[in-house]
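# A structural walkthrough
So you can see what is in the structure, the chains are spelled out below.
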Amino acid sequence: MDELDKPDDARREGRSLHEARAAAGGDRGRLGQTPFGAVVVDLDGQLVGYGHNTVRAGRDPTAHVEIAAIRAAWRRLGAWQMLSGSTIYSSCEPCLLCSYVIAQIGFRRAVFAARGADVPGYKPLLGADLGKGSAWINAQPDWAPLEIVADFMRHRALEAIAAFPWAQAQTRAPLNPSR
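In this text, all values refer to a predicted model and were calculated from it rather than measured experimentally.

## Quick word on the packing of aromatic side chains
- The tally for this structure, following the rule as stated, stands at three aromatic pairs.
- An angle of 45° between the planes, with centres 6.1 Å apart, marks the rings of Phe36 and Trp166 as tilted. Here Phe36, found in the loop between α1 (7–24) and β1 (37–41), pairs with Trp166, found in helix α7 (residues 166–169); they are 130 residues apart in sequence, far enough to count as distant.
- Where Phe164 meets Trp166, the ring centres are 4.8 Å apart and the plane angle is 65°; that geometry is what we call edge-to-face.
- Here a set of aromatic residues connected by ring pairs shows up, and it is made of Phe36, Phe164 and Trp166.

What follows is the structure, encoded as structure tokens:
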């Protein structure tokens, strides 16, 4: 699928990639955060939440990009139920932790650029991520179906991943905010 075929998806995925650049040290100076960003769009097509990875800066192992964007959207809308049927755009395929949250809330679509396997040092839990998890989710009769759009604008996400100093991130050392 080409960006020209889906201009709304391209604009929103572009925003997730903007957040990824900000996390890695772009326009917000968050040097050292891994280059991942996400946005949440409600049923009416309105952007209701966005964020980027803050695991190291926040010393929070659950502060993955999708969780950050979902938290922001939940705060804005006031109730997690308002997120049911929404779409999440991520610069990279959600891991199992984030996939579970996406499924439990009842997101309708997940659009992502890079694959987890594109990230240096990536180790998928149970050998799965959202791509594999969605097949299981969609087979459950009492779970909301989840449409996956994979590899959308992947080339742009791969540029951000390639530019990031992964050796620094893999140390898992806390960030020094004064830098």
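## What about the pattern of salt bridges?
- Tallied over the full model, the rule gives eight salt bridges.
- Salt-bridge contacts for Arg11 lead to Asp8; the nearest nitrogen and oxygen are separated by 3.1 Å. With Arg11 and Asp8 both in helix α1, this residue pair falls three residues apart, about one helical turn.
- Between Glu147 and Arg109 there is a salt bridge; the shortest N-O distance is 3.4 Å. Of the two residues, Glu147 sits in strand β5 (residues 147–149) while Arg109 sits in strand β4 (residues 109–114), which places them 38 residues apart along the sequence.
- What makes Arg109 buried here is its relative accessible area of 9%.
- Connected through shared salt-bridge partners, Arg115, Asp118, Asp151 and Arg154 make up one network.

## Examining the nonpolar core
- Formed by 36 residues in total, the largest nonpolar core has its most connected members in Val40, Ile70, Leu83, Ile88, Phe107, Leu146 and Trp166.
- If sequence neighbours within four positions are ignored, Ile88 has contacts with Val39, Val40, Glu66, Ile70, Ile102, Phe107, Arg109, Ala110 and Val111.

## Some words on the sheet that holds β1
- An order of β2-β1-β3-β4-β5 is seen for the five strands of this open sheet, with the pairing classed as mixed. Of all the strands in the sheet, just β2 (47–52) and β5 have a single pairing partner and so form its edges. Direction aside, the axes of adjacent strands within the sheet are offset by 15° on average.
- As paired elements, β4 and β5 share three bridges and run parallel to each other.

## Quick word on unusual backbone geometry
- Residue Arg59 is not a glycine yet carries a positive backbone phi of 50°.
- When you line up the elements, Arg59 lands in the loop between α2 (55–58) and α3 (65–77).
- Given the relative accessible area of 61%, Arg59 is considered exposed.
- The phi angle at Asp151 is positive, at roughly 65°, despite the residue not being glycine.
- Here Asp151 is to be found in the loop between β5 and α6 (154–163).
- Asp151 gets classed as partly exposed once you look at its relative accessible area, which sits at 30%.

Reading the values: the criteria
- Residues numbered from 1 in each chain as written.
- Predicted model: local features only at pLDDT ≥ 70, side-chain atom pairs only at ≥ 80, totals over all residues.
- Heavy atoms only, no water.
- Phe/Tyr/Trp six-rings, centres within 6.5 Å; stacked < 30°, edge-to-face > 60°.
- Helix = DSSP H or I, 4+ residues; strand = E, 2+ residues; numbered from the N terminus.
- Salt bridge = Lys/Arg side-chain N within 4 Å of Asp/Glu carboxyl O.
- Buried < 20%, exposed > 50% of the residue type's maximum accessible area, 1.4 Å probe, protein only.
- Core = buried A, V, L, I, M, F, W, Y, C linked by side-chain atoms within 4.5 Å.
- Contact = heavy atoms within 4.5 Å.
- Pairing = 2+ DSSP bridges.
- Axes fitted to C-alpha atoms, helices over the stretch in contact; angles between N-to-C directions.

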